[in-house]
Structures are given as C-alpha cells and as structure tokens.
Amino acid sequence: MKKTILLIIISAMTLTACQKENTGTNEPTRINCEEIVCESEEAFFATCLINEECKEAVGAGFLYSSNNNILIILGIDQVNGIGEQLFISVSEEADLDSKISLGWNNGSRSPQIVHAWYQYSQGASVAGYFEFEKSDELQEEDYLIIDYYNGDTTILEGHFQVNFPHKRVSSFVTHAPDSMRIECGQFRVELTQ
C-alpha cells in the first residue's frame, strides 16, 4: 500500500512538473525563418511575418532623406482606407556590412542603431504608430542586416526582424493588433524617385 501511495505521489509530482514546463514563459516563440515560406514572385518585393501572419508589401522602396539617411519604406497593407507602412531610417554613417540594431535613434546614439517605426495613415494624416522610445533598451532580436547595397546601383536587399514595444494608435484604427512583432522580414527594393 505504501508503495502504491508513493507511486501516486511521484506520478502527480512528475505530471505537475511537466505541466509547468509546457505552459512556457512570456517570451515570444522563436521562429526558424528557414522553414517559413513568405515568397514573392516580383523582382522587387518585401515579405515578413506580422504576428505570425505572412504579409507581402503592396509597395516597397527606399529613398535618400534630406540628411542623406537611407529611408526604407515597406507599404504593408491597406484596410478600410487606412494604410500601414514600416519605416526604417538608416544613418549615412552606419556600417552596412555589419548587423544594425533597430530601436530609437535621435542622432545621439551610435550610427549602428537606427530608428524604425510601423505607421498607420489615412490619406496624408498619421493615425498612429507602433514604435520605440528613447528610454527603451536595445534588444538583440531587433535588427536589420543589409545583404546587398551598391551606391552605383539603385538596389537594396536585406532582412530584419523587430518587436515594437509601444502602441500609439487612434481608436478608429480598429484592425490594429495589441502588439506588433515582425519576423522573417526580407526585401529587395529599388530607389524611389
């Protein structure tokens, strides 16, 4: 009888430990981007997973801003007349051969930290953002890697992922999710005139 009770207690403890293990933590699940198929048949494209849903940009390109930064613009979607765009502003001083951190950069940080934000817009009016703040710590998993860039050509290629910590979106943008995690992002874009 004691052996049976002991066996039941050990089984219950093992089951409880397994259940705790399976509940996981609040950390996002790591996705193996090599297993994800978000492809495009276009010569110039941008694809990514937004909150684990595959998206292809409806318009993508890059331009040089007035301070010679490279501004990558990926037009992700339009729902009920509200456009969605991902912006990544790369400093002209950034080393394009190295991993670039995505976060807040107001010019006082390293050029290897570039500003990124996800914007909602209605016509010419901004309807809100997912973004970073100055006080946010850099996260290893928020990055941009430029795979190809040649100043003599008009082509820019790369991949990225980013988890935006702050949401500031107008209430009339009813389709905006509670959080914004972009993974397995890749692009091949041309200079926008």
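Report follows, based on the coordinates. (Residues numbered from 1 in each chain as written. Predicted model: local features only at pLDDT ≥ 70, side-chain atom pairs only at ≥ 80, totals over all residues. Heavy atoms only, no water.)

## A look at the packing of aromatic side chains
Alright, step 1. Counting across every chain of the model gives six aromatic pairs.
Alright, step 2. For the pair Y118 and Y120, a centre-to-centre distance of 5.6 Å together with 65° between the ring planes defines the contact as edge-to-face.
Alright, step 3. Residues F160 and F187 carry aromatic rings whose centres are separated by 6.1 Å and whose planes lie at 40° to one another, so their mutual orientation is tilted. Here F160 is found in strand β10 (residues 155-164), whereas its partner F187 is found in strand β12 (residues 180-190), with 27 residues between them in sequence.
Alright, step 4. The exposure class assigned to F160 is buried, which follows from its relative accessible area of 2%. (Phe/Tyr/Trp six-rings, centres within 6.5 Å; stacked < 30°, edge-to-face > 60°. Helix = DSSP H or I, 4+ residues; strand = E, 2+ residues; numbered from the N terminus. Buried < 20%, exposed > 50% of the residue type's maximum accessible area, 1.4 Å probe, protein only.)

## A few points about the environment of Y64
Alright, step 1. One can find Y64 in strand β3 (residues 59-64).
Alright, step 2. On the basis of relative accessible area, Y64 is assigned to the partly exposed category, the value being 36%.
Alright, step 3. Put simply, Y64 and S89 are 25 residues apart on the chain and 9.4 Å apart in space, counted from C-alpha to C-alpha.
Alright, step 4. For Y64, the contacting residues outside a window of four places in its chain are N69, I70, Y149 and L191.
Alright, step 5. Reaching out from Y64, the side chain makes a polar contact with the side chain of Y149 at a distance of 2.5 Å. (Contact = heavy atoms within 4.5 Å. Polar contact = N/O pair within 3.5 Å; in protein donor to acceptor, adjacent residues only side chain to side chain.)

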